[in-house]
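# Structural description and commentary
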Amino acid sequence: MSRPDLNLLVTLDVLLAEGSVAKAARRLKLSPSAMSRALARLREATGDPLLVRAGRGLVPTPRAMELSLEAGRLVKEAQAMLRPAERLDLKRLARSFTLRNSDGFVENFGPALLARVAAAAPGVQLRFVPKPDKDSGPMREGSVDLETGVVGGSTGPEVRAQALFRDRFVGVARIGHPLSEGMITAARFAAGRHILISRRGLDRGPVDDALETAGLTRTIATVVGGFSEALALARGTDLIATVPERYTGKLREGLFTFALPVKLAPLTISLMWHPRLDADAAHRWLRGVVREVCEGQRDGNPQKLPTPLLWGDRLSPKAGGKL
């Protein structure tokens with residue numbers, strides 16, 4: 001079956017509105033003969049004469065009258081679809097956005113983000129879902145609109161990313177932990193019992209690589225899948241957790257936080273989305289709000305942490321103390 005010529009919809013709409021080949025031709029800036037040929041093609045496509053002679057004029061057939069309203073509606077919808085998007089009206093915007101993040105994002109940035117969105121666009125709903133992995137499938141499939149995290153090898157090559165803030169790893173233990181007394185050396189840090197965070201269930205991480213460079217190893221007492229679990233265990237035991245500083249700010253309240261005595265590469269936390277949403281006005285607006293909220297909380301005074309003794313530094317007299 002041949003594909004219909006959709007340009008004929010515009011011709012049909014004008015012909016039925018004018019009821020005259022000559023008037024329709026003038027309106028469409030065509031010659032009368034070209035319009036007559038278009039009418040012939042419409043008759044062939046619909047299987048109906050559409051306009052028939054009645055005295056000196058033309059009158060529509062029942063089929064033409066049936067098509068008249070439908071043709072007009074379709075033409076208006078097509079014209080609206082191909083027209084540039086109207087200016088975004090946030091007060092009238094009614095839409096739901098799904099954001100996928102690791103634990104810590106909602107606790108740190110969620111309240112300010114929700115307040116900003118509610119004030120500007122009360123009809124917008126934000127849905128926060130957990131991020132069990134770095135697979136870009138949910139963004140590609142459209143079930144996730146925005147994602148935060150570190151861009152990695154498993155991130156889809158088509159995914160758009162924009163840096164939100166830089167972060168660093170810090171050590172965390174309960175208040176009163178032995179590490180809270182005296183200088184924190186790499187040896188004291190390694191001698192403790194640790195919590196490893198791995199969503200894939202690995203048995204070592206960047207901290208182990210850094211300690212190995214210094215000729216040290218640590219004991220992994222338990223492996224968990226997220227920051228919240230690690231910090232909950234650190235709060236109630238003598239175990240030590242290593243987490244991103246800014247990303248877990250609220251989660252670490254009431255805990256002893258210290259700079260690591262080993263060097264780890266900093267992190268860049270990025271905002272990610274699928275390119276099909278690049279030009280979507282509402283999505284662009286939300287991306288801007290997320291960036292502004294993260295920037296606002298980033299620019300505060302950084303927490304002053306106990307200065308560690310990095311491996312290779314000369315041990316000072318006050319570097320002793322309990323493990």
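Since the model is a prediction, treat every value here as computed from it, not as a measurement. (Residues numbered from 1 in each chain as written. Predicted model: local features only at pLDDT ≥ 70, side-chain atom pairs only at ≥ 80, totals over all residues. Heavy atoms only, no water.)

## Notes on the environment of valine 144
With respect to the helices and strands, the residue valine 144 is situated in the loop between α6 (137-141) and β5 (146-149). Sequence separation between valine 144 and threonine 98 is 46 residues; the distance between their C-alpha atoms is 5.1 Å. With residues up to four places along the chain from it excluded, the contact list for valine 144 reads Thr98, Arg100, Pro138 and Met139. (Helix = DSSP H or I, 4+ residues; strand = E, 2+ residues; numbered from the N terminus. Contact = heavy atoms within 4.5 Å.)

## Here's the deal with the sheet that holds strand β13 (residues 267-273)
Taken in spatial order, the 5 strands of this open sheet run β4-β3-β5-β13-β6, and their pairing is mixed. At either margin of the open sheet sits one strand with a lone partner, and together these are β4 (124-130) and β6 (160-167). Taking each pair of neighbouring strands and ignoring which way they run, the sheet shows an average axis angle of 20°. Pairing analysis gives 7 bridges linking β6 to β13, with the strands arranged antiparallel. Bridging from a neighbouring strand, phenylalanine 165 pairs with isoleucine 269 of β13. (Pairing = 2+ DSSP bridges. Axes fitted to C-alpha atoms, helices over the stretch in contact; angles between N-to-C directions.)

## So, the sheet that holds strand β11 (residues 240-244)
If you trace the 5 strands from one edge of the open sheet to the other, you get β10-β9-β11-β7-β12, paired in mixed fashion. At either margin of the open sheet sits one strand with a lone partner, and together these are β10 (219-224) and β12 (256-259). The sheet shows a mean angle of 35° between the axes of neighbouring strands, direction not considered. For strand β7 (residues 169-173) and β11, the ladder comprises 4 bridges, and the chain directions are antiparallel. Residue phenylalanine 169 lies in a different strand from β11, and its bridge partner there is proline 244. Helix α9 (residues 227-236) contacts β7, β9 (193-197), β10 and β11 of the sheet and is inclined by roughly 145° relative to β11.

## A short note on the side chain of threonine 11
Residue placement: threonine 11 occurs in helix α1 (residues 7-18). In contact with threonine 11, not counting residues within four places along its chain, are Leu28, Met35, Ala38 and Leu42.

## Describing the nonpolar core
Residues Leu99, Leu113, Val117, Val124, Leu126, Leu286 and Val290 are the most contacted members of the largest nonpolar core, which totals 37 residues. The element contributing the most residues to this core is helix α10 (residues 281-298), with 7 residues. Not counting residues within four places of it along the chain, the set of residues in contact with valine 124 comprises Leu93, Arg95, Phe97, Val117 and Trp285. With 17 residues, the next largest nonpolar core counts Leu16, Met35, Leu42 and Ala64 among its residues. (Core = buried A, V, L, I, M, F, W, Y, C linked by side-chain atoms within 4.5 Å. Buried < 20%, exposed > 50% of the residue type's maximum accessible area, 1.4 Å probe, protein only.)

## Here we look at α9
Of the residues making up α9, those classed as buried are Phe227, Ala230, Leu231 and Ala234. Along the axis of α9, the buried residues cluster in a sector spanning 95°; they form a single face. Residues of α9 that are exposed and point over 90 degrees away from its buried face: Ala232 and Gly236. In this fold, the buried residues of α9 make contact with β7, β9, β10 and β11. (Arc of directions from axis to C-beta.)

## Description of the side chain of serine 198
Among the structural elements, serine 198 can be located in the loop between β9 and α8 (206-213). Every residue in contact with serine 198, bar those within four places of it in the chain, is listed here: Val223, Val224 and Gly225.

## Considerations on the environment of alanine 191
Inspection of the secondary structure assignment puts alanine 191 in helix α7 (residues 186-191). Overall, alanine 191 belongs to the partly exposed group, its relative accessible area being 49%.

## A closer look at unusual backbone geometry
The phi torsion at lysine 29 lies on the positive side, around 60°, for a residue other than glycine. Within the secondary structure, lysine 29 is located in the loop between α2 (21-27) and α3 (32-46). For leucine 50, which is not glycine, the phi torsion reads 65° and is therefore positive. Structurally, leucine 50 can be placed in the loop between α3 and β1 (51-54).

## Observations regarding the packing of aromatic side chains
A full pass over the atoms with the stated rule returns 6 aromatic pairs. Ring centres of phenylalanine 105 and phenylalanine 109 lie 5.1 Å apart, and the angle between their planes is 45°; on these two criteria the pair is classed as tilted. You can see phenylalanine 105 and its partner phenylalanine 109 sitting in helix α5 (residues 105-120), 4 residues apart, about one turn around the helix. Across this residue pair, the class does not change: phenylalanine 105 and phenylalanine 109 are buried. Consider the rings of phenylalanine 189 and phenylalanine 258, whose centres lie 6.1 Å apart with planes at 75°: the pair is edge-to-face. In this pair, phenylalanine 189 sits in helix α7 while phenylalanine 258 sits in strand β12, placing the two residues 69 residues apart along the sequence. Per residue, the accessibility class of phenylalanine 189 equals that of phenylalanine 258, and both read buried. Grouping aromatic residues by their ring pairs yields a cluster made of Phe105, Phe109, Phe165, Phe227 and Tyr247. (Phe/Tyr/Trp six-rings, centres within 6.5 Å; stacked < 30°, edge-to-face > 60°.)

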